[in-house]
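Structural overview for review
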Amino acid sequence: MIRLLRAEWMKLRTFCLVLPVAAAVLLLGVISAFWYMNFRGTPGGAYATMSVMYFFLSFTLMLSVTLLTSIIASTEHETKVWNRICTIPIAKPKIYLSKWIVTCLLLFIEVLLIIAGTIVLWKLFFHEPAPLEIIVKQPLYCFCAVLAFVSIQTWLSIVFANQSMAIGAGAAGSMASLFLARSTFPVLHYMPWTYPALSTPLIPGHGRWVFAGLAVGVVLLAAGCWHFNRKNW
């Protein structure tokens, strides 16, 4: 499995390595600009930054997942080598799993950059002690909750050769998540697309959505591995 992960990592396009950095920088830039224009000089303005991050964080991570899963799977689609890859003496579910793990690793790098960048910006702009607990928990919880979405997008990107379908579904899900999570109909909150937005420590009961993201992510990953193993390429 380690060799498979190493091979998958070596196949990554430069864009996959640049995207986590660019997404983290863009998110921090938007948060800083939003704070500067709306909360600078207001009571509690420093801590309003966390609310701003809550609004944009899940959307940023979900868009990153959409692009990463599509690009990682597109190499095999473009070269039409799925049938040959599936004939090598490696369990087919491991091939599927390796792509899921690499996506998660890249996303985790993005989360670490967001945490580090938030701490640096806090030190530069504010004199109050940095609320390290929420600065660390908010991105990490969102990362755990977004794993269900990672499993969905990994399956879509691998199963459909036309990546516009996977990207379209992912972009639509990312945008819809902002509204579904704030819906007055609680039943909509159980959709996997809402978990990242509901996982913030700023919301009571956020722990169940973090757990839901992990649990549903594992279940959907297992289902994707099963389907990939049975699929005829």
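Quick look at the structure, then.

About the cut-offs
- Residues numbered from 1 in each chain as written.
- Predicted model: local features only at pLDDT ≥ 70, side-chain atom pairs only at ≥ 80, totals over all residues.
- Heavy atoms only, no water.
- Phe/Tyr/Trp six-rings, centres within 6.5 Å; stacked < 30°, edge-to-face > 60°.
- Buried < 20%, exposed > 50% of the residue type's maximum accessible area, 1.4 Å probe, protein only.
- Helix = DSSP H or I, 4+ residues; strand = E, 2+ residues; numbered from the N terminus.
- Contact = heavy atoms within 4.5 Å.
- Polar contact = N/O pair within 3.5 Å; in protein donor to acceptor, adjacent residues only side chain to side chain.
- Core = buried A, V, L, I, M, F, W, Y, C linked by side-chain atoms within 4.5 Å.
- Disulfide = S-S within 2.5 Å.
- Salt bridge = Lys/Arg side-chain N within 4 Å of Asp/Glu carboxyl O.

The next thing to look at is the packing of aromatic side chains. The relative placement of two aromatic rings is captured by the distance of their centres and the angle of their planes. If you walk through the whole model with that rule in mind, you get five aromatic pairs. A centroid spacing of 6.1 Å and a plane angle of 85 degrees characterise the contact between tryptophan 155 and phenylalanine 160, whose relative ring orientation is edge-to-face. Relative accessible area serves as the criterion here: at 29%, tryptophan 155 is assigned to the partly exposed category. You can call phenylalanine 160 partly exposed: its relative accessible area is 28%. Taking 5.4 Å as the distance between ring centres and 65 degrees as the angle between the ring planes, the aromatic pair formed by tyrosine 190 and tryptophan 209 counts as edge-to-face.

With that settled, the discussion passes to the side chain of glutamine 153. With respect to the element layout, glutamine 153 can be found in helix α7 (residues 147-159). In this structure glutamine 153 comes out as buried when scored by relative accessible area, which is 1%. Once residues lying within four places of it in the same chain are set aside, the contact partners of glutamine 153 are Val65, Thr66, Thr69, Ala166, Ala169 and Gly170.

With that settled, the discussion passes to the environment of glutamine 138. Residue position: glutamine 138 is located in helix α6 (residues 132-145). Overall, the relative accessible area of 1% leaves glutamine 138 in the buried class. C-alpha of glutamine 138 to C-alpha of serine 51: the two residues are 87 residues apart in sequence and 10 Å apart in space. Within polar-contact distance, the side chain of glutamine 138 engages the side chain of threonine 200 at 2.4 Å.

Within the largest apolar cluster, 39 residues are counted, with the highest numbers of intra-cluster contacts made by Leu57, Leu61, Leu107, Ile114, Val146, Val150 and Phe228. Mapped onto this core, the elements with two or more residues apiece are α2 (14-38), α3 (45-79), α4 (82-85), α5 (92-125), α6, α7 and α10 (206-230). For this core, the element with the most residues is α5, which contributes nine residues. The next biggest cluster of nonpolar side chains, apart from the first, holds nine residues, and it includes Cys16, Leu68, Ile71 and Val102.

A covalent bond between the sulfur atoms of two cysteines is what we call a disulfide. Summed over all chains, the structure comprises zero disulfides. Looking at cysteine 142, it has no disulfide partner, and the nearest cysteine sulfur is the one in cysteine 144, 9.4 Å off. Under the relative-accessibility criterion, cysteine 142 is labelled buried at 2%. With a relative accessible area of 21%, cysteine 144 lands in the partly exposed category.

What the rule picks out here adds up to two salt bridges. A salt bridge links lysine 99 to glutamate 76; its shortest N-O distance comes to 3.0 Å. Of this pair, lysine 99 sits in helix α5 while glutamate 76 sits in helix α3; the two residues are 23 residues apart in sequence, bridging distant segments of the chain. The pair formed by lysine 99 and glutamate 76 is uniform in burial state, with each residue classed as buried. Among the salt bridges present, the one from glutamate 133 reaches lysine 137, with a minimum N-O distance of 2.6 Å. Here glutamate 133 and its partner lysine 137 are both found in helix α6, four residues apart, which amounts to about one turn of the helix. Among the residues examined, lysine 137 registers a relative accessible area of 29% and is labelled partly exposed.

In this structure, glycine 29 sits in helix α2. Judged by relative accessible area, glycine 29 falls into the partly exposed class, the value being 37%. Between the alpha carbons of glycine 29 and leucine 121 there is a distance of 9.9 Å; along the sequence they are 92 residues apart.

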